[in-house]
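Below, each chain spelled out in residue letters.
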Amino acid sequence: MPQILIVEDDQRIRESLAMRLADRGYSVETCQAAMPGVERAVSGEFDAVVLDLGLPDLDGEQALRMIRAVSAVPVIIATARDEEAAIVRLLDAGADDYVTKPFSADHLAARLRAVLRRSGPDEDNRQLTVGDLTIDLDSREVTLAGEKLDLKTKEFDLLAYLAERPGRVIRKRELLAAVWRQPYGGPDKTIDVHLSWIRKKLGESAAAPRFIHTERGVGVRLVDPAE
Ligand code: CA
């Protein structure tokens, strides 16, 4: 049973998340402030931490940096600030993922499953599957319907990043930060060009997408074409 720590000062949110995650098979402990939260988060007892950004005693970003200074425990940021700069900064500071309030317990559970899968003990089989697309994170081999695809380094990194977050619209800003390690801009066309190469190899196009869908002005998401 995965052990989850929730650090959240809002009692209603904290208790409802704890209850709903417990219903979904997680063992949940909660903290209502950042300092005790950081102390528990780095204890080595948890498989993942859900960290609220707006906490009374310490900014959530500082709390994240304190956790990251000593622990690699997966951290999902819960933010009310749907603000690109903050999100990019947090991903850069070592957050594994984020959810924007208000979010459902199902949504959070899906994010938790993804980070637990990425950090999980099952190191032998770090494989992502989306429809008939499989991505092996260790051998860096990608197959589509059993056929091996030849992807360049950044194409692979980009596709893997999207496939680890299926269904979620990912902002280009976030992709630049995560894949190219360029939090502050960089060439706009880089991502578009790489996406078009990946699409070609997947046998699709922007006009006729299967896996990779562009949300105009927002970002891209990867979906199972069968869903
Ligand atoms: Ca709060």
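Residues numbered from 1 in each chain as written. Predicted model: local features only at pLDDT ≥ 70, side-chain atom pairs only at ≥ 80, totals over all residues. Heavy atoms only, no water.

Engineer: Even after reading the chapter, I still don't get the domain arrangement of the protein, so can you show me in this structure?
Structural biologist: It is common to report an interface's size as the accessible area lost on association of the parts. In terms of domains, the protein is made up of domain 1 (3–119) and domain 2 (127–222). The gap between the C-alpha centroids of domain 1 and domain 2 is 26 Å. Contacts between domain 1 and domain 2 engage 12 residues on the former and 11 residues on the latter. When domain 1 packs against domain 2, close to 1200 Å² is buried across both sides, 45% of that on carbon and sulfur atoms. Linking domain 1 with domain 2 are 1 salt bridge. Its salt-bridge partner being Asp97, residue Arg168 comes within 2.2 Å of it at the nearest N-O pair. For the pair domain 1 and domain 2, the interface holds 3 residue pairs in polar contact (both at pLDDT 80 or more). (Domains from an automatic or database assignment. Contact = heavy atoms within 4.5 Å. Buried area = accessible area lost by both parts, 1.4 Å probe. Salt bridge = Lys/Arg side-chain N within 4 Å of Asp/Glu carboxyl O. Polar contact = N/O pair within 3.5 Å; in protein donor to acceptor, adjacent residues only side chain to side chain.)

Engineer: Just checking my understanding: could you explain the sheet that holds strand E1 (residues 3–7) for this structure?
Structural biologist: Backbone hydrogen bonds hold the strands of a sheet together, and the pairing may be parallel or antiparallel. Reading across from one edge, E2-E1-E3-E4-E5 is the order of the 5 strands in this open sheet, with parallel pairing throughout. Edge positions in the sheet fall to strand E2 (27–31) and strand E5 (97–100), since each has one partner strand and no second. The sheet shows a mean angle of 20 degrees between the axes of neighbouring strands, direction not considered. The pairing of strand E4 (residues 75–79) with E5 spans 4 bridges and is parallel. Note that in E5 the partner of Thr79 across the bridge is Thr100. The strands touched by helix H3 (residues 60–70) within the sheet are strand E3 (48–52) and E4, with E3 carrying the most contacts at an inclination of about 155 degrees. Against the sheet, helix H5 (residues 105–119) makes contact with E1, E3, E4 and E5, and its axis sits at roughly 175 degrees relative to E5, the strand it touches most. (Pairing = 2+ DSSP bridges. Helix = DSSP H or I, 4+ residues; strand = E, 2+ residues; numbered from the N terminus. Axes fitted to C-alpha atoms, helices over the stretch in contact; angles between N-to-C directions.)

Engineer: Help me understand the packing of helix H6 (residues 153–163) against helix H8 (residues 189–202) in this model?
Structural biologist: To describe two helices that pack against each other, one gives the angle between their axes and the distance between the axes. Relative to each other, H6 and H8 sit at 85 degrees, their axes nearing to 10 Å. Taken together, the axis directions place H6 and H8 in an arrangement best described as roughly perpendicular. Residues Lys154, Glu155, Leu158, Leu159 and Leu162 of H6 touch H8, and the partners they reach there are Ile191, His194, Leu195, Trp197, Ile198, Lys201 and Leu202. Residue composition of the contact of H6 with H8, grouped by class: 8 nonpolar, 1 polar and 3 charged. (Parallel < 35°, antiparallel > 145°, perpendicular 65-115°, else oblique. Nonpolar A, V, L, I, M, F, W, Y, C, P; charged D, E, K, R; others polar.)

Engineer: Just checking my understanding: could you explain unusual backbone geometry for this structure?
Structural biologist: Trans is the common state for peptide bonds, and a negative phi is the common state for residues other than glycine. At the junction of Lys101 and Pro102, the peptide bond is cis and its omega measures out at -5 degrees in the coordinates. One non-glycine residue, Ala145, adopts positive backbone phi at about 50 degrees. Structurally, Ala145 can be placed in the loop between strand E8 (141–144) and strand E9 (147–149).

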